[in-house]
Amino acid sequence: MKYRSVFDIIGPIMIGPSSSHTAGAARIGRVARTLFDREPKWATISLYGSFAQTYRGHGTDIALIGGLLDFDTYDERIKSSLEIAKDKGIKVSFIEEDAITDHPNTARLIIGDDYGQLELVGVSIGGGKIEITELNGFELKLSGNHPAILVVHNDRYGAIASVANILAKHAINIGHMDVSRKEVGQLALMTIETDQNLSKDVLEELKTLPNILQVTKIDD
């Protein structure tokens, strides 16, 4: 299927033949790009359920890659994202998976370069809205609809409270918070959605706290 314009598949208010398969997919890709914090050199994308069955016709493939290129959902370059990625030397592969997932519109993105990689599972839940359900093996629930910080930390007493205290000191309200860990006493991940974007000074203060290893923000 050829698209004359990106607005044939993704409108400014996320309208197309399927906002779940296009706008939502673009947002999943862009969250992955934000968390990776740079342009990847390669991407392996596994598609499940409805995504796997209809991704070419609904533009899910170009939307995911457009997101990885840091294009917003209404960016006209999305329609040429596969060609743009190829011109940049980014190797892209799609895998149609048979496994049954909790949600039919599910994608697993593994992206990387010479310095590292990131693995993320995203779900498009309808109307352009998404949930990130897994990051590098950690289970989480991230909507992508609000400013958020992801805090990797040692699973130690007081780590969560110290982060909450810093946010309270700067009058930053927490809308949703979730903590995931692989094993007791090992690495853990705080996912915190807030009512406002965090300044660079707040992020730097969080990074100085004991047992805090990495802080990544996602602006609204």
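Position labels on residues start from 1 in each chain and follow its written sequence. Totals for whole chains, interfaces and linings use every residue, but because this is a predicted model, local features are given only for residues with pLDDT of at least 70 and side-chain atom pairs only at 80 or more, for both listing and counting. For the side-chain quantities, the full set of heavy atoms in the structure was used; hydrogens and water were omitted.

## So, the sheet that holds strand β10 (residues 212-218)
Operational definition: Strands pair, by our definition, only if DSSP identifies at least two bridges between them. Numbered from the N terminus, helices here are DSSP runs of H or I no shorter than four residues, and strands are runs of E no shorter than two. Note on definitions: angles span 0 to 180 degrees between N-to-C directions of axes, and those axes are lines fitted to C-alpha atoms, for helices only across the stretch in contact.
Overall, antiparallel pairing links the four strands, which are arranged β8-β9-β7-β10 in an open sheet. Of all the strands in the sheet, the pair left with one neighbour each is β8 (174-181) and β10. Taken pair by pair, the neighbouring strands of this sheet meet at an average axis angle of 15°, ignoring direction. Strand direction decides the pairing type here: strand β7 (residues 148-154) and strand β9 (residues 187-194), joined by seven bridges, are antiparallel. Bridged to Val-152 within β9 is Leu-189.

## What about the pattern of salt bridges?
Put simply, the rule reads: Definition used for salt bridges: Asp or Glu carboxyl oxygen within 4 Å of a side-chain nitrogen of Lys or Arg. Burial classification: accessible surface area is computed with a 1.4 Å probe over protein chains only, and a residue below 20% of its type maximum counts as buried, one above 50% as exposed, and the rest as partly exposed.
Scanning the entire structure with this criterion turns up 13 salt bridges. Between Lys-217 and Asp-219 there is a salt bridge, with its nearest N and O atoms 3.5 Å apart. A relative accessible area of 29% places Lys-217 in the partly exposed class. Residues joined by salt bridges that share partners form a network here, namely Arg-30, Asp-70 and Asp-72.

## So, the packing of helix α5 (residues 159-169) against helix α6 (residues 200-207)
Our working rule: Each angle is binned into one of four classes, with values under 35 degrees roughly parallel, values over 145 roughly antiparallel, values of 65 to 115 roughly perpendicular, and all other values oblique. By convention, the crossing between two helices is left-handed when the near helix turns anticlockwise from the far helix through less than a right angle, and right-handed when the turn is clockwise. Two residues qualify as a contact provided that any one of their heavy atoms is within 4.5 Å of a heavy atom in the partner residue. Under the scheme applied here, ten amino acids are nonpolar (Ala, Val, Leu, Ile, Met, Phe, Trp, Tyr, Cys and Pro), four are charged (Asp, Glu, Lys and Arg), and all others, including Gly, are polar.
With their axes 10 Å apart at the nearest point, α5 and α6 run at an angle of 155° to one another. Considering the angle they form, α5 stands roughly antiparallel to α6. The handedness of the crossing between α5 and α6 is right-handed. The residues of α6 that touch α5, namely those facing Val-163, Ile-166, Leu-167 and Lys-169, are Val-202, Glu-205 and Leu-206. The class makeup of the residues in the contact of α5 with α6 is five nonpolar, no polar and two charged.

## Focus: the sheet that holds strand β4 (residues 116-126)
Spatially, the six strands line up as an open sheet ordered β2-β1-β3-β4-β5-β6, and their pairing is mixed. Strands with a single pairing partner mark the edges of an open sheet, and in this sheet they are β2 (91-96) and β6 (138-142). Neighbour to neighbour, the strand axes of the sheet diverge by 20° on average, direction disregarded. By the bridge criterion, three bridges tie strand β5 (residues 129-135) to β6 in an arrangement that is antiparallel.

## Here we look at the domain arrangement of the protein
Going by this rule: Note that the domain bounds were set by an automatic or database domain assignment. What counts as buried area is the accessible surface, traced by a 1.4 Å probe, that two parts surrender upon association, with contributions from both included. Whenever two N or O atoms come within 3.5 Å, that pair is a polar contact, provided that in protein one can donate a hydrogen and the other can accept it, and provided that, for residues adjacent in sequence, both atoms are side-chain atoms.
When its domains are assigned, the protein resolves into domain 1 (6-135) and domain 2 (148-218). If you average the C-alpha positions of domain 1 and of domain 2, the two centres end up 27 Å apart. Across the domain 1/domain 2 interface, buried area totals approximately 340 Å², and carbon plus sulfur atoms make up 87% of it. Among the residues of domain 1 in contact with domain 2, Thr-34, Leu-35 and Leu-135 are the three that bury the most area, contributing 87% of the side total. Taken together, the links from domain 1 to domain 2 amount to zero salt bridges. Here domain 1 and domain 2 share zero residue pairs in polar contact (both at pLDDT 80 or more) between them. Per-class residue counts for the side of domain 1 that touches domain 2 are three nonpolar, one polar and no charged.

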